[in-house]
Amino acid sequence: MTEMSWDFVVPVSLDDLLKSGAVNQYVVQDVLSPKQLPLHLNGFKAALKNQGPLCVLEHFDTVYSVLQHCRTVDVSLKEDTLELLIQVQLHRAELSYRLFCPCVCLRLSASTDLYQGRKKEKAGSKGGLQWEGVREVVLQCLSQLLQLDIRSLWSLSLVEEEFVSCVTCCCYKLLENPTIGHMKSKPTRDIIIHVLGVMVKKYNHMLGACVKVIQLLQHFEQLSCVCAQAVACWCTEYGMRTIVGEIMREIGQKSSEELAREGSGVKAFSCFLSELSTLVPDAMIPNISVLLPHLEGESPSLRVAVCEVLGEVLVRVLSGDKLDDLARADRDRFLDTLQEHIHDTNSHVRARVLQVYTRIVNSKALPLCRYTEVMELAVGRLGDKSVHVCKSAIQLLAAFIGHNPYSCKVKCKGILIYSRDEALALQKESKGEAEEEGKETEMKKQEMLVQYLRDTESFALQVERAIAVINNMLYWKTTTVVQEAVQFCVTACEFSVADSVCGVRKMLPLVWSSDAAVKDAVIQAYRRLYLNPHGDTTRSKAQTLVDSLSELMFDASLGTIQCLEEISALQTCVVQVLWERFSGKRETSTLHRRAAVLLLGMAARAEREVVLSNLDTLCSVALGEKVTDNYLLARDTVIAIINITDHVRVRTLVLSNPHWQTFMEQAIRLIYFLAESPDQLCARLLQRSARLLLEQISEAWEPNQSQMAEGSQDSDCVSLAQLLSVCGSVAFWQVSYLERSVSAELRRRRGEKEDKEEKAAPVTKPMVRSEANDSCVEEELGLTGASAEDTEAEFIRKICETELMAEGNLLSVFLPLLVRVCSSPGRYSHTQLTTAACLALSQFMMISPAVCSDNIRLLFTVLEKSPLPVVRANAIIALGDLTVRFPNILEPWTPNLYARLCDEDASVRLTAITVLTQLVLKDVMKVKGQVSEVAVLLLDPEPHIASLALNFFNELSAKDNAIYNLLPDIISRLSDPERGMKEEDFNTIMKKLFSYITKERQTESLVEKLCQRFRTAKTERQWADLAVSLSLLSVCERGFKKLQECWECYSDKLTEDSVYQPLLCIMAKLRRRAKPQFKSQVEEFEKRLTAVHTKGLENVENEENETGQQLVENMHTPGPKSTRRPTRGNTHTHTHTHTHS
């Protein structure tokens, strides 16, 4: 054939080149076999060198054959073919070939990549072509060609659809590559998108592109972002905005049935819409209505996508004050739609909608009039069952505080109400002026001010509600929620929100959390708030840091101080400022001086020289002649001095006058830590105090006075209370001194003695073999050291039991006085005296088991009958210490201790739950059925007590099977008719406790145990409580079988609605997640439950017996060859009936 004697028609598929469709149309003459290809390809190479690129006209059959056998020929052969075609492409040839060759190259490249992917070979292997580079070159060439005006190649200047399909199919085929979305494929991806953009704009490919994008999303989930980038590019760079609407319509028209069938395609559609909204939100507005029906559909991912589209449109397009009326209407409509889905049935949708609102608030795109409404919804979501929703709600509330438009700081409610009242007064005045002078402008300003203050007040009230809830979330088990709660508290504190410091202080104990993420979050929060001061100089920064830390130290507890020690490390310049404040070199308040000495004590814990170098200053300023002016400063100074000694934690007990009491306790403690002979020093102190008291009393009872004055009597009671407090503290610290210092000294002496004996022992002296063996065995077992330590401990115990309370010892003189005061509350009714005596008696009981046993009944009588809450609270703390020290003596009194959980005073209940939590969780006290009293506290009106009770069960759940073992007894005790607990309260408590039962075996066993308890339950209320408890379990198939096996236990109670309905709920739960075979069993059992409920157990059993007899009679059909069978059957039936009757 001559060069132009034929027509080349661009094929749609490879097979089209084998068919002749018209005169002079080019077709492939011969398809070569794979074995012939290497020889003919070498001929093609030689022809290309000699004849130039036009030789492809003669050798195109070879190229076609390589394509036809693409999956079977060697990779090297395909590489050579591709290289030859690229050389042809780069030279002049007929334009149709120039257009078709790139398509061939692209198909070959795509096929080779697929082949290499299956073989797990790296593309562009050594000695071969770099396929990525080849694709880019070919695509660049194709893009340049498509930019030319090639319409003249076709008749009537209409580009054939086959040509468009050939080019676009190659591009879409390349997009199916799994790695096309990777960063390294970005150049190739961008060129493909631009080639398709040209086809969409110049070659009428928009409809085909829409269909293909939908297909790609349906089959290739990973292409959602790539497709979104492509559509956005076609929309912005090629001006094809209508394609966005077409694709949105295609997605919007899909029904729920279609989406359910597509599976992964739904997720791809969702990701596509979300990504597209971030790229071209303005282009989506005209057609956004077609997506709104999906908000009512069943697909949560599509609902999320539509909400995210609305959010992007609101942030990027419909924001600002310059919107026209139509845009404002759209904005309000979209915001209403988002608000509706804050209460979506799916938790994932709720969480994402809250996140969308967080972005809107952070972008300042939310209208001011909607702040209060949205914030109220967010506060409501803090109680959501889903952890992710709670976390998102906290983030939204933090964004509200960080971007609140009312002022830089949220003021308290009282100020807002005052400001509102002032504004109302101004409004009335301005109205009067307006009537007289016509100042309408002034009126409008006042009205706007009033509305602004009302909105501010509403906002502040919602913030206070949120803080109260989030502060309780700081101790949740979920790490991410705790982290978000910590960040919220930091944000609230930075904006000086009322009560925000409470949350900051409440999170402080979390520095001891075992969760590293939570601990780090709290440490970073405190460093951000208090330990990163602002200032130009080092001194100004130090002063700012001291001011910040002093705020925390005001009214700080011992636990707060210990937590701060874990966080802060004070520098030298900060310590210098603290000394200046404490010593009075700078004018400062008493509170700041106390904070300074407490901070110095914290610093002394890390570096003793901080206090030792200025010990004289501490004593002269706080412990000198003016010590009586400020006992709290003196107490804090003593604590700071104690910090340079070995630290022993002590419980702080409460008296009605804490200033002198706490100072005295720390002073006695300091004496026992630092004095050479503290027992002798304290004995002289007690003697002198007793002598002064006797002198005071004798002066009041002078002969010329007939009776004591009332004021003098009160003074004597206070003095006696102080004396008893001193003797109690001396007794406590004397025991501690013996067990700590004296025991340590005995160990030191024993060690020195053993060292001397080892050195004095002759080395060469042989040891008897049996003695040597016994000694070695004892050393290996640790018996030598253990026996010595036991001897020392026994020696200390003997001193406590025999010598401390001996007749000649001073402490023994005070014990009868203490017993007398405690046992005669009518005669000794002074509050401070009673408090001090009871506290001192409990400290004396720490001395020995004998003293404890003799007075334990008296202490429990005080605990139960004392009218003073402070006495009862102190008694609980003391009994907790005694339980640790003498557990066998206190064990029979455990129920009396649990009984204080029902005390009428909140402070006593708080102390009781705190002490019992420590005793139970540290395995000092055995967990018994009395834990039901702790469960009742889950509904305590005091939120702090309820949170402690919840924390008790959270910690108890970490112990293996603890709650599981206790649940049956707890149910029995709480459902006891004598208790009279409300049904709603019982259900609430059980719902919380059953949430800890997560193991299938535990559930199965509890089903059996609870069913068995139906036999012993006597009242309808007890039946109802047991049935409700069963319904709270996550019953599975094995639990269902147990329910069937225990039918006899509860079947006679099914006529009661309160029993029947909970069991019906169990069947409904089982049916929802049951397989077909198991589902039929559940339905059959449900029918049986319903039959017994409506007809009664006896009637149903009679019907079942009659049905069974009929079946037996039908099975035994008479016949000539089996005459004996009816006789046997009748006999059996008769016997069975007789037995049943």
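Residues numbered from 1 in each chain as written. Predicted model: local features only at pLDDT ≥ 70, side-chain atom pairs only at ≥ 80, totals over all residues. Heavy atoms only, no water.

**Let's talk about the overall build of the protein chain**
Reasoning step 1: Broken down by element type, the protein chain carries 54 helices and zero strands.
Reasoning step 2: A total of 1141 residues make up the protein chain; the buried ones form 46% of that total.
Reasoning step 3: A fraction of 71% describes how many contacts in the protein chain between residues 6 or more apart in sequence connect residues 24 or more apart.
Reasoning step 4: Looking at the protein chain as shown, the accessible area adds up to about 59000 Å², and 51% of this sits on carbon and sulfur atoms. (Helix = DSSP H or I, 4+ residues; strand = E, 2+ residues; numbered from the N terminus. Buried < 20%, exposed > 50% of the residue type's maximum accessible area, 1.4 Å probe, protein only. Contact = heavy atoms within 4.5 Å. Areas by Shrake-Rupley, 256 points an atom, 1.4 Å probe, with all protein chains shown as cover.)

**Considerations on unusual backbone geometry**
Reasoning step 1: One non-glycine residue, Lys 364, lies in the positive phi region at around 55 degrees.
Reasoning step 2: Mapped onto the fold, Lys 364 is located in the loop between α16 (347-362) and α17 (371-380).
Reasoning step 3: For Lys 364, a relative accessible area of 65% gives the class exposed.
Reasoning step 4: For Asp 923, which is not glycine, the phi dihedral falls at a positive 60 degrees.
Reasoning step 5: Among the structural elements, Asp 923 can be located in the loop between α42 (906-921) and α43 (932-936).
Reasoning step 6: Assessed through its relative accessible area of 57%, Asp 923 is described here as exposed.

**Looking at the nonpolar core**
Reasoning step 1: Counting residues in hydrophobic clusters, the biggest one holds 153 residues, and the most contacted among them are Trp 234, Ile 243, Phe 272, Tyr 357, Ile 360 and Met 507.
Reasoning step 2: Setting aside chain neighbours within four positions, we find Tyr 357 in contact with Leu 335, Leu 338, Gln 339, Ile 342, Leu 366, Val 374 and Leu 396.
Reasoning step 3: Leu 723, Leu 738, Ile 847 and Ala 1017 belong to the second-largest nonpolar core, a separate cluster that totals 127 residues. (Core = buried A, V, L, I, M, F, W, Y, C linked by side-chain atoms within 4.5 Å.)

**Some details on the pattern of salt bridges**
Reasoning step 1: Under the defined criterion, the tally for this structure stands at 26 salt bridges.
Reasoning step 2: Note that Asp 344 is salt-bridged to Arg 303, the shortest N-O span being 2.9 Å. Note that Asp 344 is positioned in the loop between α15 (325-340) and α16 and Arg 303 in helix α14 (residues 300-316), a separation of 41 residues in sequence.
Reasoning step 3: On the basis of relative accessible area, Asp 344 is assigned to the buried category, the value being 8%.
Reasoning step 4: The class for Arg 303 is buried, based on a relative accessible area of 5%.
Reasoning step 5: Ionic contacts of the salt-bridge type, sharing partners, join the residues Glu 312, Arg 316 and Arg 359 into one network. (Salt bridge = Lys/Arg side-chain N within 4 Å of Asp/Glu carboxyl O.)

**Side note on the confidence of the model for the protein chain**
Reasoning step 1: Mean pLDDT over the protein chain works out to 76, with 75% of the residues at or above the 70 mark.
Reasoning step 2: At the level of individual helices and strands, the protein chain shows its lowest average pLDDT in helix α54 (residues 1124-1140), which scores 39, and its highest in α16, which scores 91.
Reasoning step 3: A low-confidence stretch, residues 111-129 (pLDDT under 50), is modelled with 25 contacts involving residues beyond four sequence positions or located in other chains.
Reasoning step 4: Here residues 764-772 is a poorly scored stretch, pLDDT under 50, and it has one contact once near neighbours within four places are set aside; other chains count. (pLDDT = per-residue confidence, 0-100.)

**Points about the packing of helix α37 (residues 831-844) against helix α38 (residues 849-865)**
Between two packed helices, both the angle of their axes relative to each other and the distance between the axes serve to describe the pair.
Reasoning step 1: The contact between α37 and α38 brings their axes to 10 Å, and the two run at 150 degrees. One way to sum up the angle between α37 and α38 is to call them roughly antiparallel. Note that α37 runs across α38; the crossing there is left-handed. Note on element contacts: α38 touches α37 through Val 851, Asn 855, Leu 858, Leu 859 and Val 862, opposite Cys 838, Leu 841, Ser 842 and Phe 844.
Reasoning step 2: Tallied by class, residues from the contact of α37 with α38 come to seven nonpolar, two polar and no charged. (Axes fitted to C-alpha atoms, helices over the stretch in contact; angles between N-to-C directions. Parallel < 35°, antiparallel > 145°, perpendicular 65-115°, else oblique. Left-handed = near helix turned anticlockwise from the far one by under 90°. Nonpolar A, V, L, I, M, F, W, Y, C, P; charged D, E, K, R; others polar.)

**Description of helix α48 (residues 1020-1031)**
Reasoning step 1: End to end, α48 covers 17 Å across twelve residues, agreeing with the expected 16 Å (1.5 Å per residue, within 8%).
Reasoning step 2: Within α48, ten of the twelve residues are buried, leaving the element largely enclosed by the surrounding structure.
Reasoning step 3: Every buried residue of α48 is accounted for by Gln 1022, Trp 1023, Ala 1024, Asp 1025, Leu 1026, Ala 1027, Val 1028, Ser 1029, Leu 1030 and Ser 1031.
Reasoning step 4: Contacts from the buried residues of α48 go to α45 (962-974), α46 (983-994), α47 (1000-1013), α49 (1037-1045) and α51 (1057-1072). (Expected span 1.5 Å × (residues − 1).)

**Considerations on the packing of helix α20 (residues 440-472) against helix α21 (residues 479-494)**
Reasoning step 1: Where α20 meets α21, the closest approach of the two axes is 9 Å, and the angle between their N-to-C directions is 140 degrees. Judged by the inter-axis angle, α20 sits oblique to α21. In the packing of α20 onto α21, the handedness of the crossing is left-handed. Contact residues: Ala 466, Ile 467, Ile 470 and Asn 471 in α20; Ala 485, Phe 488 and Cys 489 in α21.
Reasoning step 2: Here the contact of α20 with α21 is composed, by residue class, of six nonpolar, one polar and no charged.

**A look at helix α1 (residues 37-51)**
Reasoning step 1: For α1, built from 15 residues, the straight-helix expectation of 21 Å at 1.5 Å per residue is met to within 8% by its first-to-last C-alpha distance of 20 Å.
Reasoning step 2: Of all the positions in α1, only Leu 37, Leu 41, Phe 44, Ala 47 and Leu 48 are classed as buried. Looking straight down α1, one finds that the buried residues subtend no more than 115 degrees of arc, so they occupy a single side. The exposed set on the far side of α1, more than 90 degrees from its buried face, consists of Leu 39, Lys 49 and Asn 50. (Arc of directions from axis to C-beta.)

**Considerations on the packing of aromatic side chains**
Two aromatic rings, taken as a pair, are described by how far apart their centres are and by the angle between their planes.
Reasoning step 1: In total, this model carries ten aromatic pairs according to the counting rule given.
Reasoning step 2: Measuring from ring centre to ring centre gives 4.8 Å for Phe 860 and Trp 893, while their planes differ by 10 degrees; the resulting arrangement is stacked. Taken together, the residues span a long stretch of sequence, with Phe 860 in helix α38 and Trp 893 in the loop between α40 (887-890) and α41 (894-899) at a distance of 33 residues.
Reasoning step 3: Between Trp 1047 and Tyr 1050 the ring centres are 5.8 Å apart and the planes differ by 75 degrees, which places this aromatic pair in the edge-to-face class. Of the two residues, Trp 1047 and Tyr 1050 are both situated in helix α50 (residues 1047-1050); the distance of three residues between them amounts to about one turn of the helix. (Phe/Tyr/Trp six-rings, centres within 6.5 Å; stacked < 30°, edge-to-face > 60°.)

**Comments concerning the environment of Thr 883**
Reasoning step 1: Within the secondary structure layout, Thr 883 lies in helix α39 (residues 869-885).
Reasoning step 2: Separated by ten residues in sequence, Thr 883 and Trp 893 place their C-alpha atoms 9.8 Å apart.
Reasoning step 3: Apart from the residues within four sequence positions on either side, Thr 883 is in contact with Leu 890, Leu 919, Val 924 and Met 925.
Reasoning step 4: Here Leu 879 takes part through its backbone oxygen, which lies 2.7 Å from a polar atom of the side chain of Thr 883. (Polar contact = N/O pair within 3.5 Å; in protein donor to acceptor, adjacent residues only side chain to side chain.)

**Let's talk about the environment of Ser 65**
Reasoning step 1: Topologically, Ser 65 is positioned in helix α2 (residues 56-68).
Reasoning step 2: On the basis of relative accessibility, which here comes to 0%, the residue Ser 65 falls in the buried class.
Reasoning step 3: Contacts of Ser 65, omitting those with residues within four sequence positions, involve Asp 30, Val 31, Leu 32 and Leu 37.
Reasoning step 4: Separated by 2.9 Å, the side chain of Ser 65 and the backbone nitrogen of Leu 32 make a polar contact.
Reasoning step 5: A polar contact is formed between the side chain of Ser 65 and the backbone oxygen of Asp 61, at a distance of 2.8 Å.

**Regarding the environment of Phe 1078**
Reasoning step 1: In this structure, Phe 1078 sits in helix α52 (residues 1076-1095).
Reasoning step 2: The exposure class assigned to Phe 1078 is buried, which follows from its relative accessible area of 9%.
Reasoning step 3: Setting aside chain neighbours within four positions, we find Phe 1078 in contact with Glu 1037, Phe 1040 and Leu 1070.

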